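Geometric and topological summary
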Amino acid sequence: MTHEALQDYVARRLRRAGDDGGPDSRVLAELLISESPKKRAIAMLREDLLSESMQSYEQLRRVKQYLGIADVFLAKHEAAIGGIEYEERDHS
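Helix and strand counts for the chain stand at 6 helices and 0 strands. In the chain, the order of α-helices and β-strands from amino to carboxyl end is α-α-α-α-α-α. When each of the 92 residues of the chain is scored for burial, the buried share is 24%. For the chain, the share of sequence-separated contacts (at least 6 apart) that also reach a separation of at least 24 residues comes to 36%.

Now the structure itself:
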């Protein structure tokens, strides 16, 4: 993961409005009091990424970007994969 990607993630987390409408002070405090703010930021990112189901192309693409993976298959087939729609099925 690049320094810039992690920095952008932390900035977005802080922009999520806190209780007072300002930056999320709990996230800032968590980072500041940790022994290694960088390791804690990476752990927070990992927790956010793993909290999603990873079943959509966009979710996979997001993870790929954070990890700096140049996936030739996804890049080559991006248009086709992004256009796949799933049918809702009656499982009764």
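Here the focus is the pattern of salt bridges. The tally for this structure, following the rule as stated, stands at 3 salt bridges. Glutamate 47 serves as the salt-bridge partner of arginine 40, at 3.3 Å between the closest nitrogen and oxygen. Taken together, the salt bridges that share partners define one network made up of Glu30, Arg40 and Glu47.

What follows concerns the environment of arginine 15. Topologically, arginine 15 is positioned in helix α1 (residues 3-15). A relative accessible area of 61% means that arginine 15 is categorised as exposed. C-alpha separation for the pair arginine 15 and serine 25, spaced 10 residues apart in sequence, amounts to 9.8 Å.

Per-residue confidence for the chain gives a mean pLDDT of 77, with 72% of residues at or over 70. Mean pLDDT across the elements of the chain ranges from a minimum in helix α6 (residues 78-82), with 58, to a maximum in helix α2 (residues 25-33), with 92. A low-confidence stretch, residues 85-92 stays under pLDDT 50, and its non-local contacts, those more than four residues away or across chains, total 0 contacts.

With that settled, the discussion passes to the packing of α1 against helix α3 (residues 37-50). As a packed pair, α1 and α3 sit with axes 10 Å apart at the nearest point and diverge in direction by 75 degrees. Here α1 lies roughly perpendicular to α3, going by the angle between them. Between α1 and α3, the contacting residues are Leu6, Tyr9, Val10 and Arg13 on the first element and Lys38, Ala41, Ile42, Met44, Leu45 and Asp48 on the second. In the contact of α1 with α3, the residues fall into 7 nonpolar, no polar and 3 charged.

Judged by side-chain polarity, Leu28, Leu32 and Ile33 come together as a nonpolar surface patch covering roughly 350 Å² of accessible area. Assignment of secondary structure puts leucine 32 in helix α2. We classify leucine 32 as exposed; its relative accessible area is 63%.

The rules we used
- Per chain, the residues get numbers from 1 upward, laid out in the order the sequence is written.
- Totals for whole chains, interfaces and linings use every residue, but because this is a predicted model, local features are given only for residues with pLDDT of at least 70 and side-chain atom pairs only at 80 or more, for both listing and counting.
- Side-chain numbers here rest on the full set of heavy atoms in the structure, without hydrogens or water.
- Counting from the N terminus, the helices are DSSP H or I runs at least four residues long and the strands are E runs at least two residues long.
- When accessible area is computed with a 1.4 Å probe and restricted to protein chains, residues below 20% of their type maximum are described as buried, those above 50% as exposed, and intermediate ones as partly exposed.
- What makes two residues a contact is simply this: any of their non-hydrogen atoms within 4.5 Å.
- Within this document, salt bridges are pairs made up of a side-chain nitrogen of Lys or Arg and a carboxyl oxygen of Asp or Glu, the two lying within 4 Å of each other.
- Confidence per residue, as judged by the predictor, is encoded in pLDDT with a range of 0 to 100.
- Each axis is a line fitted through C-alpha atoms, taken for helices only over the stretch in contact, and angles between the N-to-C directions span 0 to 180 degrees.
- Here the word oblique covers every angle except those under 35 degrees (roughly parallel), over 145 (roughly antiparallel) and from 65 to 115 (roughly perpendicular).
- Asp, Glu, Lys and Arg are counted as charged, while Ala, Val, Leu, Ile, Met, Phe, Trp, Tyr, Cys and Pro are counted as nonpolar; the rest, among them Gly, fall into the polar class.
- Patches here are clusters of residues that have more than 30% relative accessible area and form no salt bridge, with a 9 Å joining cutoff for like charges and a 5 Å cutoff for nonpolar side chains (Val, Leu, Ile, Met, Phe, Trp, Tyr).
- Method for areas: the Shrake-Rupley scheme with a 1.4 Å probe, in which residue coverage is limited to the protein chains shown.

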